[in-house]
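For reference, the chains in residue letters:
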Amino acid sequence: MEQNELQERIVNYMRTAAYKPLTADDLAAAMNLAQEELALFWTALEELEKTAAVIKTRHERFGVPERMNLVVGRLSMSAKGFGFIIPEVREKETDSDIFVPGVSLGGAMNGDRVVARISPSEIAGRSREGEIIRIVERANEQIVGTFEESRHFGFVTPDDKKIGQDIFIPKGAVHGAKAGMKVVVRITKWPAGRRNAEGEVEEILGRAGEPGVDVLSVMSQYGLSEEFPADVAAEAAAIEDAVSPEEFSGRRDRRGFRIVTIDGEDAKDLDDGVYAERRADGSFFLGVYIADVSWYVRENSPLDREARARGTSVYLVDRVIPMLPKKLSNGICSLNAGEDRLAMACEMEIGADGLVKSYEILPVVIHVYRRLTYTLVNEIFAEGADAVRTENADLLPLLTPLREVHDAMEKARHERGSIGFDVPEIKVKLDESGKPVALIKRTGSLAESMIEQCMLAANETVAEHMEKKEQPFLYRVHEQPSDEKIERLNNLLATFSLHLVPNEAGEVAPKDVQQVLEKVKGRPEERIVSAVSLRSMQQARYADAPLGHYGLAARHYTHFTSPIRRYPDLIVHRLLRETFATGTIASERQERLRSLLPEIAEHTSARERIAIEAERETQDMKKIEYMAQFVGDAFDAVISGVTAFGIFCELENGVEGLVHVSSMVNDYYEYREDLYALVGGATHVSYRLGEPVRVVLVRANIAERNLDFILEDNGVFVAAKKKPEEGGVKRGESLKEKGAKKDARSKKGRGRKAAKEKRTDEIIADVKGDKRPEKTSAPAETGEHKPHGKGHKGAKPHDKGRSARRPERFQAERQGALADESSSSRPKAFWMKPPKDLRKKGKKSAPKPEKKRRPHNKTQRATANSD
């Protein structure tokens, strides 16, 4: 018996059979363990206690947390100083996260794995509350932030606002860092009581504001590196640059098929090719050919261990951090035109009704006929493009059946209830120095949809194949929305005389959601219904069980089509290969896989979320930097979110910011959760999700990653003023001189406070010039393509990112706001000109719109929150 299996038995016994905490000896005796099991028992129990799977009391007895009024989970902090524990085990589906007030954090920081004692909330309907009693695992051994210095010490303010506290740096641990520099700090002492964490400067990234330092800071914050360890680089370098004929053995030769790849212009890691034929009976042959990465990346090799640790390639705003070295990702594994390449094929016969009738999954050798781009394929199928079609006459026999099989499969998926959320993506165009010069809204195209449908067909076919064989496997799952979210969605739909009807099991079919979206299409309520429906969806993840894919209305789904840049796809290829010889995986190997796959699924799901967060953060950072030039301009916007503290508004270029409720001066506003609206108490004016508004941009804070708006007809802007220091530095006296008069501890507090006030009051970008909002226009949009040219095969997650996650509170003034309103039934507010010291002469106009081009990135729109 392996130790993992024994640990599972111990936990199961304690959850189901043990009616009280037991000593180790009593537990071993109660379980009737064999002699060989007893030899492993003590180590297994110690490991369980170390990871908090079981808890040891002060009286040397062991129990499971959920039966001891304890919870184990990850702490998610708020920038306001409190946090929530996300439990690893929920006894009931309705169990909420655990609220932890600041006084009960016990020195824990954001992301830490903790044990907390639970107490019911004193207020009915509120989350349960907890007090952290043990920190099981620290998540922040390294922290990225901005260094500030005083005479005898320094401190670092973390970029991650959820950290919530500065890191104290003793004088001997500064290592050359200067004020205003971005640094990486290694924690040397964890926080305790009211004492902040202490650290040592480990790396200086550069001065804040210098080109490239912002992205490097995000990379360091999320632990992302473009460099590979020496053993990984050496293994990659040893791989041949070309396929040898000896490697063709055991593979079907498909070099006679005129296979094409279709990607963005700047894509370099080409991992899929397609080929289609139309048969005389109206059916189709469709071949999907995927780079055979598993042939080069063998299990437990240095390449494999590094790929598993990374989990996925990460596409930041200005660079790609690949999962595999470029020797593989852009070289021998990439399906480059004119080169023999090893591939895994899923060849399908698809009926005229768009359904797969038969299939074969096999290893092949291919020779890509031509590398195509989305732009070219879209131009070939565009109306009036006879010249382009004539110039590419050799492609028509290849692309025409691809389009026909696409149309058939798309129709079949729609009929079964696949949900499509057409959410545009925003791409930031940078110049050579890394400065943002344009924001481009990208939507799907025919060429992208053609590839998407082919990849979906292959992913579903492979998943169904392995499920029928009952082999250990890795699936992509997207579960039914929670009852609570469906209820909230139904409350909204009821205002439009619509309703989702659950079946006897209490589940809502995907087709019902799809039909609701179609009923509101083109109507005023379309935007709000689509937005709330999207937010009702669960987040897709990886699992070792075939739980289905709700958004695609698919019973079976996996990720097979992108092994160059997703580790789960590589695992899928490896498992398929193990079945080729006998049709099944050896029984001993199956047992081993069943214990490994849940861990791989959890790890790769976590790495995917990290990649999404890092990508979003670099995008948001550049969006805010771009918008800083338009402070003072007015824009048309749509309300994209409503909270008690204000409304989030999205501009036509996809950028989002906050209108704080305190800037609304014509009434007191109440948050109505049931209406997704803020409603005025006296005027009954409402601001509801999905409604259009006109806003003025008043602040773009790059460091805080947020935009502040005011409503043009109901808002006032007051610039923040510098606050005088309490007992501050006298005129002509430096901070260091002032601090020298006090002990080290008081210097530390004053220096930290002074530096923080300076940063807090600094206006990154504020109202420029004497601008009249009604005469300005929104920033131009252009139709450039996405760098790296890769979207997920299958369906892509549309996690709604926010450029402004936390509001910077306005200092609103109401005097005179309603002064001259007696003739109007609805009071109108005013837009206050910025103070004179913030104005600049001359008016800067928004750039002229650039000519739009069709987007040509592999964007997948098949479902929300899935890829």
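Structure first, text after, so check above.
Source: prediction; values computed, not measured.

A. Region of the structure containing a negative patch on the surface. On the surface, Glu2, Glu5, Glu8 and Glu591 cluster together into a negatively charged patch. Residue position: Glu5 is located in helix H1 (residues 3-16). Looking at Glu5, the relative accessible area reads 45%, which means it is partly exposed.

B. View of the environment of Ile380. By the secondary structure assignment, Ile380 is in helix H8 (residues 374-381). Classification of Ile380 by relative accessible area gives buried; the value is 2%. Each C-alpha atom of the pair Ile380 and Ala447 lies 9.9 Å from the other, and the pair is 67 residues apart in sequence. Once residues within four sequence positions are removed from consideration, Ile380 is found in contact with Val388, Arg389, Asn392, Leu395, Leu396 and Leu399.

C. Representation of the environment of Ser358 in the model. Tracing the sequence through the fold places Ser358 in strand E20 (residues 356-367). In sequence terms Ser358 and Phe285 are 73 residues apart; their C-alpha atoms lie 9.8 Å from each other. For Ser358, the residues in contact, after removing those within four places along its chain, are Glu347, Met348 and Glu349.

D. Local environment of the pattern of salt bridges. All chains considered together, the criterion is met by 45 salt bridges. The partner of Glu88 in a salt bridge is Arg113, and the shortest N-O contact between them spans 2.5 Å. Residue Glu88 is found in the loop between strand E4 (83-87) and strand E5 (98-100), and its partner Arg113 is found in strand E6 (residues 113-119); the two are separated by 25 residues along the sequence. The class of Arg113 is buried, set by a relative accessible area of 12%. Among the salt bridges present, the one from Lys182 reaches Asp159, with a minimum N-O distance of 2.5 Å. Taken together, the residues Lys182 in strand E11 (residues 181-189) and Asp159 in the loop between strand E9 (153-158) and strand E10 (167-170) connect sequence positions 23 residues apart. Each of the two residues, Lys182 as well as Asp159, counts as buried. It is possible to trace a salt-bridge network through shared partners that takes in Asp214, Lys435, Lys622 and Glu625.

E. A look at the packing of H1 against helix H3 (residues 35-50). It is the contact of H1 with H3, at a shortest axis distance of 9 Å, that shows an interaxial angle of 70°. When the axes of H1 and H3 are compared, the pair comes out roughly perpendicular. Side by side, H1 and H3 meet where Gln3, Leu6, Gln7, Arg9, Ile10 and Val11 of the first sit next to Glu37, Leu40, Phe41, Thr43, Ala44, Leu45, Glu47 and Leu48 of the second. Looking at the contact of H1 with H3, its residues break down into eight nonpolar, three polar and three charged.

F. The side chain of Ser449, seen in detail. You can see Ser449 is positioned in helix H11 (residues 446-469). Take Ser449: its relative accessible area is 13%, and that puts it in the buried class. With sequence-adjacent residues up to four places away left out, Ser449 is seen in contact with His406 and Glu410.

G. Structural view of the nonpolar core. Within the largest apolar cluster, 84 residues are counted, with the highest numbers of intra-cluster contacts made by Leu286, Tyr289, Leu328, Leu399, Leu402 and Phe560. Broken down by element, the residue count for this core peaks at ten residues, all from H11.

H. Examining the sheet that holds strand E28 (residues 656-660) more closely. On the basis of which strands lie adjacent, the closed barrel formed by five strands has the order E26-E27-E28-E33-E32 and mixed pairing. Neighbour to neighbour, the strand axes of the sheet diverge by 50° on average, direction disregarded. Helix-sheet contacts for helix H16 (residues 587-627) involve strand E26 (634-643), strand E27 (646-651), strand E32 (692-701) and strand E33 (706-711), and the interaxial angle to E32 is about 95°.

I. Region of interest: the packing of helix H15 (residues 567-579) against H16. Interaxial distance between H15 and H16 falls to 11 Å at its minimum, and their mutual angle equals 165°. As the angle between them shows, H15 and H16 are arranged roughly antiparallel. Here H15 and H16 pass one another in a crossing that is left-handed. For the pair formed by H15 and H16, the contact residues are Tyr567, Pro568, Ile571, Leu575 and Glu578 on the first element and Arg589, Leu593, Leu597, Ile600 and Thr604 on the second. Partitioned by chemical class, the residues of the contact of H15 with H16 number seven nonpolar, one polar and two charged.

J. Main features of the pairing of E4. Only one face of E4 is covered, namely the face carrying Gly83, Ile85 and Pro87; the face carrying Phe84 and Ile86 is uncovered. The pairing of strand E3 (residues 70-77) with E4 spans five bridges and is classified as antiparallel. Its bridge partner lying in E4, Met77 is registered against Gly83. Taken together, E3 and the strand that follows it, E4, pair antiparallel across an intervening segment of five residues, in which Gly81 is found at a positive phi of about 105°. For E4 and E5, the ladder comprises three bridges, and the chain directions are antiparallel. Bridge assignment links Gly83 to a residue of E5, and that residue is Val100.

K. Structural context of helix H4 (residues 213-221). Those residues of H4 not exposed but buried are Val213, Val215, Ser217, Val218 and Met219. For H4, the secondary structure elements touched by its buried residues are strand E8 (142-149), E11, strand E12 (198-207), strand E18 (320-321) and H16. Just beyond H4, the residue with positive phi is Gly223, at close to 70°.

Criteria and cut-off values
Residues numbered from 1 in each chain as written. Predicted model: local features only at pLDDT ≥ 70, side-chain atom pairs only at ≥ 80, totals over all residues. Heavy atoms only, no water. Patch = residues over 30% accessible without salt bridge, like charges linked within 9 Å, V, L, I, M, F, W, Y side chains within 5 Å. Areas by Shrake-Rupley, 256 points an atom, 1.4 Å probe, with all protein chains shown as cover. Salt bridge = Lys/Arg side-chain N within 4 Å of Asp/Glu carboxyl O. Lys, Arg positive; Asp, Glu negative; His and termini not counted. Charge placed at Lys NZ, Arg CZ, Asp CG, Glu CD. Helix = DSSP H or I, 4+ residues; strand = E, 2+ residues; numbered from the N terminus. Buried < 20%, exposed > 50% of the residue type's maximum accessible area, 1.4 Å probe, protein only. Contact = heavy atoms within 4.5 Å. Axes fitted to C-alpha atoms, helices over the stretch in contact; angles between N-to-C directions. Parallel < 35°, antiparallel > 145°, perpendicular 65-115°, else oblique. Nonpolar A, V, L, I, M, F, W, Y, C, P; charged D, E, K, R; others polar. Core = buried A, V, L, I, M, F, W, Y, C linked by side-chain atoms within 4.5 Å. Pairing = 2+ DSSP bridges. Left-handed = near helix turned anticlockwise from the far one by under 90°.

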